[in-house]
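Chains, contacts and geometry: an overview
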Amino acid sequence: MERRRQRRTARAGIMAAGLFTGVLVPASAAWAGPAASPKVADVGRVSTRGSSLNVRTAPGTEAARTGSLRPGTPVSIVCQSTGEYIDGAVRATRLWDRLPDNSHVSDAYVARDDAAIPACGAKPATAAAGGWVLPVEAGLVSGFRTESRPRHDGVDLGAARETPIRAAAAGTVNRVRCNVSSGSCDADGNRSLAGCGWYAEIHHAGDIVTRYCHMVRRPSVKVGQAVTAGQIIGYVGTSGSSSGPHLHFEVHTGAPPATHANAIEPIAFLRSHGLELP
């Protein structure tokens, strides 16, 4: 009885002091401090045509609405999810921005810079021997210099639109360019056009250059920027001479510049560095 009375007295003292939380913690447990806030990858601003931007519980307009943000409101972006396609005031995209409270807004209405934003739930790419990674986790849909396409200096990997494209190894970005025979790289291309669409090149150690073509929008990196293996440099699209979303990936030796003469078979090169396509 005396012990129970002592426990009740101690608990009453805690509550009177305003410290009772309703959670009983073992005496041996140490307080680890407040939970860490999600890391913010970029900050944009709501950009609509005057109306407020709906905030949803999931990436789609059928998801429950949790609130709204007025035009000009800052938006802290933790990561991006692929969801319902939205043609908005800033861009047309399937990407939705996850906010620190795990709610979502369509990226179609968020003005932001070109910072690389990770995919929600994506695991960091793991470098194989020599520090190389797959640029995308996707299978082969068209090979290197096939009989029907003898000047096809790379391979086509069948990744979906908006799939993150990763630097295959550490290096320095030496080219970012829109390459299309007519029209814009900010629109879907077709096979009647010529050119690589939005693309980037990276110069790696040993005078190796990798090229990444047909991005959905301008690459997320700039010329002269140092990148690490697995860093997101852009997103899969179908700009330029392309019949559908995919990554055209090239490897060149004795470069820069990357030319038809110094292009090598990328699958064999990746395999020599311990990497296999899915």
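To be clear, the structure that these remarks concern was listed above.
The text that follows walks through the structure, step by step, so that each part is easy to find.

Rules used in this analysis
- Residues numbered from 1 in each chain as written.
- Predicted model: local features only at pLDDT ≥ 70, side-chain atom pairs only at ≥ 80, totals over all residues.
- Heavy atoms only, no water.
- Phe/Tyr/Trp six-rings, centres within 6.5 Å; stacked < 30°, edge-to-face > 60°.
- Helix = DSSP H or I, 4+ residues; strand = E, 2+ residues; numbered from the N terminus.
- Buried < 20%, exposed > 50% of the residue type's maximum accessible area, 1.4 Å probe, protein only.
- Pairing = 2+ DSSP bridges.
- Disulfide = S-S within 2.5 Å.

**Let's talk about the packing of aromatic side chains**
Counting across every chain of the model gives 2 aromatic pairs. Summarising the aromatic geometry, the rings of Trp 132 and Phe 269 are spaced 4.9 Å apart at their centres and angled 80 degrees between planes, so their arrangement reads as edge-to-face. With Trp 132 in the loop between β8 (110-111) and β9 (140-142) and Phe 269 in helix α2 (residues 266-272), the pair connects residues that are 137 residues apart, well separated along the chain. Ring geometry for Tyr 212 versus Phe 249: centroids 5.4 Å apart, planes at 50 degrees, classification tilted. Of this pair, Tyr 212 sits in strand β14 (residues 208-215) while Phe 249 sits in strand β17 (residues 247-253), and the two are 37 residues apart along the sequence. Given the relative accessible area of 0%, Phe 249 is considered buried.

**What to know about the pairing of strand β13 (residues 197-204)**
Side-chain positions along a regular strand alternate between the two faces of the sheet. When you tally the buried positions in β13, you get 7 out of 8 residues, the bulk of the element. Two elements, strand β12 (residues 171-179) and β13, share 7 bridges in a ladder whose sense is antiparallel. Opposite Arg 175, over in β13, you have Glu 201 as the bridge partner. Alignment of β13 against β14, held across 6 bridges, turns out to be antiparallel.

**Digging into the state of the cysteines**
Scanning the model with the defined rule gives 2 disulfides in all. One disulfide in the model links Cys 178 with Cys 185; its S-S distance is 2.1 Å. Disulfide Cys 178-Cys 185: the torsion about the S-S bond is 90 degrees, which places it as right-handed. For Cys 196, the disulfide goes to Cys 213, at an S-S distance of 1.6 Å. Between Cys 196 and Cys 213 the sulfur-sulfur dihedral comes to about 90 degrees; the bridge is accordingly right-handed. Remark: Cys 213 occurs in strand β14 and Cys 196 occurs in the loop between β12 and β13; sequence separation between them is 17 residues. Residue Cys 196 is classed as buried on the basis of its relative accessible area of 11%.

**Points about the sheet that holds strand β1 (residues 42-46)**
In spatial order, the strands read β4-β1-β8; together these 3 strands make up an open sheet with antiparallel pairing. A single partner strand is all that each edge strand has here, and the edge strands are β4 (74-77) and β8. The sheet contact formed by β1 and β8 spans 2 bridges and is antiparallel. What sits directly across from Val 46, in β8, is Val 110.

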